[in-house]
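The lines below spell out each chain.
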Amino acid sequence: MKLKHLLILAFVVLAAIPLFIGLQFLNHQTGEHYRQLFEDHMASLSLIAKQRILSVVDRIEDNTALIASRTQMRISLSLWNTTNDEAHKDKLTKILQDAKFGLDHIKDIQIFDPNGELVATTPTVTPPLPLNQSKVNASGISLQMEEALLVIKKVTPLILDHQVVGYLRLTFFTDVFTNLVRDRTGLGRTGEWLVAIRHESGDALFAVPLKYDHKAAFTRRVSKDRYDVPITQALLGNETVMGYAPDYMGTPVLASTRYLKDLDWGLVAKINEDEVNQLVHRNAHFIYIAELVIVALAILVGILISVYISSPIEKLRSHVDKVSKGSLEESPEANGWREVKELTTHFNFMIQTLRDLNENLQEKVEARTQELFEANQMLEELTIRDPLTNLFNRRYLNGRFTEEIQRAKRYNTPLACAAMDVDQFKVVNDTWGHDTGDDVLLRLATFLDHKIRESDILVRLNGEEFCILLPVCSEKSAVPFLERLRKDIEALEFTAENTVFNITCSFGVAFLDETNQDMDSLLKAAEEALCLAKEAGRNRVVTYDEVLSIKKEST
């Protein structure tokens with residue numbers, strides 16, 4: 001066999017075959033990498049959806065606490081319980097109508113006596129259900145179907161002088177679930193969202209219409225013994241990503257499960273495995289074609305290099321044969337050493353080319369890993385930021401609040417919590433439109449962010465309500481600071497349709513003490529002070545001590 005043919009065979013064995021095996025391994029790793037990215041994508045989507053639901057629940061808790069904190073309402077209910085005087089009942093109705101005014105997300109409000117009998121209600125199309133028919137969880141929140149609409153009901157006791165004088169039930173519209181079910185962005189053509197509550201039998205009861213069963217809400221169940229079904233795993237409290245799991249239709253799906261512990265609700269984001277495999281292997285065809293092209297090029301290059309290397313050697317051999325036969329007199333020694341040197345140079349070039357190819361592959365893997373890390377960081381940042389003002393949200397406050405309370409107790413330093421609300425913000429929206437209202441909130445957030453200290457924590461709770469956490473700040477320092485802040489806000493000028501207008505804000509502030517020892521009590525105390533500031537005429541700073549003084553006077 002000629003040298004040229006031997007070199008071609010050697011190049012194919014040493015270059016093309018290992019290259020083919022390496023590309024096959026890379027293709028397999030790429031498929032697993034794409035699937036892992038898709039699983040991370042599903043987990044991120046379900047986490048964001050869970051946070052959206054929890055933020056709505058936080059707003060429900062805040063609105064309920066704000067309405068339940070009305071002292072006059074509890075006093076009137078207590079008087080109705082003892083006298084059955086219609087005047088007290090009429091007063092309760094007026095209080096509820098006033099509380100509902102401007103809160104479009106609240107469907108209706110009812111007050112019940114301690115026995116669960118209806119006392120007062122806002123106007124409603126259908127008669128309200130008795131209190132004992134509302135199945136709620138430990139948080140007092142339940143999902144129900146009412147007038148062909150999915151609503152959330154919140155029940156909370158009304159306490160006066162450490163005694164339960166009745167119950168308050170608010171019914172909220174559930175735009176968050178409606179939008180979640182309709183908007184399947186990121187879930188492909190077969191994906192959908194599942195939300196389920198626990199049936200009294202322990203089974204998973206779907207609470208929203210399903211993509212393949214529009215009448216499934218509060219009718220279709222999945223047995224609690226079906227541990228292989230994602231919605232059952234969600235209600236078991238397992239937050240995980242499940243592959244090739246059967247959904248309610250028996251179709252294999254890729255699903256991410258989430259559990260809302262305080263509500264005892266399950267949430268699942270799912271997509272059919274057929275579509276996942278299509279997406280994962282969509283690039284496989286291009287990779288296979290690239291493999292064939294690369295191997296063909298390797299073989300072609302090997303042939304060319306073999307011919308290039310073998311040609312001078314064969315010429316040298318022919319020259320030597322001629323000399324040995326006496327046809328040539330000059331020695332080929334110099335030319336032979338030159339050919340050997342060129343051969344060595346070509347081999348070194350091939351080794352360097354393979355080394356560069358390996359380094360390029362390593363750099364691409366590191367670049368893709370960095371992109372994935374940055375994407376996960378961005379998703380985490382989105383879950384703790386308010387999308388309009390870019391301030392921190394309630395989820396971020398929950399973690400930092402506990403840290404600051406522990407720090408204040410450890411070092412025996414004061415801690416102030418201020419609840420702040422824009423006065424008559426609905427008038428701004430009704431007069432100038434919601435775009436102007438958003439501009440006002442954005443500019444106000446920027447202004448507040450520049451006024452507070454670096455150690456202070458500024459959070460947008462909901463709508464036009466903000467919270468400022470002031471570490472190492474006593475009442476002597478906090479109240480003057482908030483007064484200056486209030487006056488500066490009153491001096492701000494806003495422009496809409498060539499008209500200049502001003503806004504004012506009310507503040508309620510409470511301090512960490514023996515009465516308010518944790519986040520819930522401290523924030524609630526600040527909001528009660530804020531409520532008193534509103535009732536006292538707005539545009540003022542009220543401390544929780546003033547609230548306690550009024551309560552003592554009323555008793």
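You'll find the structure just up there.
This structure is a prediction, so every number in the text was calculated from the model and none was measured.

Asks: Which residues make up the packing of aromatic side chains, and what are the values?
Replies: In the structure shown here, the tally under the stated rule is four aromatic pairs. Centroid distance Phe-392 to Tyr-396: 3.7 Å. Interplanar angle 15°. Geometry classified as stacked. Taking 5.5 Å as the distance between ring centres and 15° as the angle between the ring planes, the aromatic pair formed by Trp-432 and Phe-501 counts as stacked. Residue Trp-432 is found in helix α10 (residues 425-432), and its partner Phe-501 is found in strand β16 (residues 499-501); the two are separated by 69 residues along the sequence. Using a relative accessible area of 10% as the deciding quantity, one classes Phe-501 as buried. Joined through ring pairs, the aromatic side chains of Trp-432, Phe-494 and Phe-501 make up one cluster. Positioned over the ring face of Phe-392 is Arg-385, at 3.9 Å from the centre of the ring. Of note, Arg-443 hangs over the ring of Phe-494, and the distance from its end group to the ring centre comes to 4.8 Å.

Asks: Can you tell me about the pattern of salt bridges, naming the residues and giving the values?
Replies: Counted according to the given criterion, the structure contains 26 salt bridges. The salt bridge involving Asp-98 is made with Arg-70; its shortest N-O contact spans 3.1 Å. In this pair, Asp-98 is assigned in helix α3 (residues 86-100) and Arg-70 in the loop between α1 (3-68) and α2 (71-83), connecting sequence segments 28 residues apart. Here Asp-488 ties to Lys-451 by a salt bridge, and the two come within 3.5 Å at their closest N and O atoms. Of the two residues, Asp-488 sits in helix α12 (residues 475-491) while Lys-451 sits in helix α11 (residues 434-451), which places them 37 residues apart along the sequence. Judged by its relative accessible area of 39%, Lys-451 falls in the partly exposed class.

Asks: A description of the sheet that holds strand β14 (residues 465-471) should follow, citing residues and the corresponding values.
Replies: One open sheet holds the five strands; their spatial order is β13-β14-β12-β17-β18, and the pairing between them is mixed. The two strands at the open ends of the sheet, each matched to only one other strand, are β13 (457-462) and β18 (541-543). The average undirected angle you get between the axes of adjacent strands in this sheet is 20°.

Asks: Let's hear about helix α9 (residues 394-411): which residues, and what values?
Replies: At 3.6 residues per turn, the α-helix brings residues three or four places apart onto the same side. Along its 18 residues, α9 runs 26 Å from first to last C-alpha, staying within 8% of the 26 Å computed at 1.5 Å per residue. Of the residues making up α9, those classed as buried are Arg-394, Tyr-396, Leu-397, Phe-401, Glu-404, Ile-405 and Ala-408. Note on α9: the residue one or two positions beyond its end, Asn-412, has a positive phi of about 55°.

Asks: Account for the nonpolar core, naming residues and giving values.
Replies: Counting 52 residues, the largest nonpolar core has Ile-53, Ile-111, Leu-143, Leu-168, Phe-177 and Trp-265 as the members making the most contacts within it. Other than its neighbours up to four places away in sequence, Phe-177 contacts Ile-53, Leu-143, Leu-150, Ile-152, Val-195, Val-208 and Trp-265. Residues Phe-447, Leu-448, Leu-458 and Ala-478 belong to the second largest nonpolar core, which totals 34 residues.

Asks: Lay out the sheet that holds strand β4 (residues 149-160) in plain terms, naming residues and giving numbers.
Replies: The strand order β2-β1-β5-β4-β3 describes an open sheet built from five strands, whose pairing is antiparallel. Looking at the sheet topology across the chains shown, the edges are occupied by β2 (118-121) and β3 (141-146). Direction aside, neighbouring strands of the sheet carry axes that sit 30° apart on average. On top of the sheet, α2 reaches β1 (106-112), β2, β4 and β5 (163-173); it is set at about 75° to β4, its chief contact.

Asks: Would you mind going over the packing of helix α13 (residues 519-535) against helix α14 (residues 544-554) in detail, with residue names and values included?
Replies: When two helices pack together, their arrangement is captured by the angle between the axes and the distance separating the axes. Relative to each other, α13 and α14 sit at 70°, their axes nearing to 8 Å. Comparing their axes, α14 and α13 come out roughly perpendicular. Mapping the contact onto sequence places Ala-525, Glu-528, Ala-529 and Leu-532 in α13 and Tyr-544, Glu-546, Val-547, Ile-550 and Lys-551 in α14. Split by residue class, the contact of α13 with α14 holds six nonpolar, no polar and three charged.

Asks: Go over the environment of Leu-54 with me, naming the residues and quoting the values.
Replies: Structurally, Leu-54 is set in helix α1. Residue classification places Leu-54 among the partly exposed residues on the basis of a relative accessible area of 27%. With 206 residues separating them in the primary sequence, Leu-54 and Leu-260 have C-alpha atoms 8.0 Å apart.

Thresholds, definitions, all that
Residues numbered from 1 in each chain as written. Predicted model: local features only at pLDDT ≥ 70, side-chain atom pairs only at ≥ 80, totals over all residues. Heavy atoms only, no water. Phe/Tyr/Trp six-rings, centres within 6.5 Å; stacked < 30°, edge-to-face > 60°. Helix = DSSP H or I, 4+ residues; strand = E, 2+ residues; numbered from the N terminus. Buried < 20%, exposed > 50% of the residue type's maximum accessible area, 1.4 Å probe, protein only. Lys NZ or Arg CZ within 6 Å of the ring centre and 35° of its normal. Salt bridge = Lys/Arg side-chain N within 4 Å of Asp/Glu carboxyl O. Pairing = 2+ DSSP bridges. Axes fitted to C-alpha atoms, helices over the stretch in contact; angles between N-to-C directions. Expected span 1.5 Å × (residues − 1). Core = buried A, V, L, I, M, F, W, Y, C linked by side-chain atoms within 4.5 Å. Contact = heavy atoms within 4.5 Å. Parallel < 35°, antiparallel > 145°, perpendicular 65-115°, else oblique. Nonpolar A, V, L, I, M, F, W, Y, C, P; charged D, E, K, R; others polar.

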